[in-house]
Amino acid sequence: DIDGDAAYTIPLDNPFSDGENGLPEVWAWGLRNPWRFSFDGDDLWIGDVGQGDYEEVDLITVEDGGVNLGWPILEGTHCFRGTESQCSDPSFTPPIHEYEHTGGRCSITGGYVYRGSAVPDLVGTYLFADYCTGELMGLRVGLDGTVAEFRVFDVVLPGLTSFGIDGSGEIYVTTTSGAVHRVVGAP
């Protein structure tokens with residue numbers, strides 16, 4: 001809450017506002033290295049960079065304050081630094097998607113859900129990438145809250161560092177070369 005007299009205040013409905021089970025500023029925890037996150041309505045999409053073998057996409061809503069996404073006990077859905085009983089703790093919120101470090105993949109770059117009009121087939125698709133391979137990927141979530149579709153597109157942009165979105169919902173990407181690319185449909 002930036003409208004108070006202090007530099008900032010903690011909203012009373014923050015999950016740890018009383019400071020009992022965590023710092024009052026904390027809203028969600030268990031992330032390792034969120035590399036880009038974005039809102040799509042009330043949904044928060046997070047690209048979280050893994051430590052060893054897995055990258056993950058987390059999807060939580062504004063109603064999910066206080067969730068624990070598992071790090072460092074879990075990396076994605078895999079036991080990382082926990083005991084067997086810790087790793088099977090049902091209180092962890094698993095990622096909506098994860099991918100392994102195979103084929104040169106090594107680091108997720110989180111993106112946005114496409115809401116533009118230039119590529120109708122992409123509407124509702126969360127676009128993200130792998131920094132090392134430059135692969136552009138997308139996933140859609142079904143009505144049951146699970147991944148209904150996952151795609152790796154025929155686009156390779158090595159060193160893809162970030163995504164942006166304009167006022168019309170069109171998505172852009174940046175790379176280490178300094179280039180800015182607009183996502184468009186294949187001819």
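An account of the accompanying structure is given in this report. (Residues numbered from 1 in each chain as written. Predicted model: local features only at pLDDT ≥ 70, side-chain atom pairs only at ≥ 80, totals over all residues. Heavy atoms only, no water.)

Focus on the nonpolar core
At step 1: By size, the foremost hydrophobic cluster in this structure holds 13 residues, and its most contacted members are Leu122, Leu127, Leu160, Phe163 and Ile171.
At step 2: Those elements that provide at least two residues to this core are strand S8 (126-130), strand S11 (160-165) and strand S12 (171-175).
At step 3: Contacts of Ile171, omitting those with residues within four sequence positions, involve Tyr112, Val113, Tyr114, Leu127, Phe163, Gly164, Ile165, His181, Arg182 and Val183.
At step 4: Ranked by size, the runner-up nonpolar core spans 11 residues in total, among them Val49, Ile108, Val113 and Phe128. (Core = buried A, V, L, I, M, F, W, Y, C linked by side-chain atoms within 4.5 Å. Buried < 20%, exposed > 50% of the residue type's maximum accessible area, 1.4 Å probe, protein only. Helix = DSSP H or I, 4+ residues; strand = E, 2+ residues; numbered from the N terminus. Contact = heavy atoms within 4.5 Å.)

Some remarks on the pairing of strand S3 (residues 54-61)
Walk down a regular strand and you will see the side chains alternate between the two sheet faces.
At step 1: When you tally the buried positions in S3, you get 6 out of 8 residues, the bulk of the element.
At step 2: Summarising the sheet, strand S2 (residues 43-48) and S3 pair through 6 bridges and their orientation is antiparallel. Across the sheet, the residue bridging to Asp43 is Thr61, located in S3.
At step 3: Between S2 and the antiparallel strand that follows it, S3, lie 5 residues.
At step 4: In terms of strand pairing, S3 meets strand S6 (residues 97-100) through 4 bridges, oriented antiparallel. Paired with Val57 across the strands is His97, a residue of S6. (Pairing = 2+ DSSP bridges.)

Remarks on the pattern of salt bridges
Pairs may arise between side chains of opposite charge once their charged atoms sit close together.
At step 1: Overall, the coordinates contain 5 salt bridges when judged by the stated rule.
At step 2: Ionic pairing is found between Glu135 and Arg105, a salt bridge with its closest N-O pair at 2.6 Å. Taken together, the residues span a long stretch of sequence, with Glu135 in strand S9 (residues 135-141) and Arg105 in the loop between S6 and strand S7 (108-113) at a distance of 30 residues.
At step 3: Residue class for Arg105 comes out buried when judged on its relative accessible area of 17%.
At step 4: Of the charged contacts, one joins Glu149 and Arg151 as a salt bridge, the two residues approaching to 4.0 Å between their closest N and O atoms.
At step 5: According to the relative accessible area criterion, Arg151 is partly exposed, its value standing at 32%. (Salt bridge = Lys/Arg side-chain N within 4 Å of Asp/Glu carboxyl O.)

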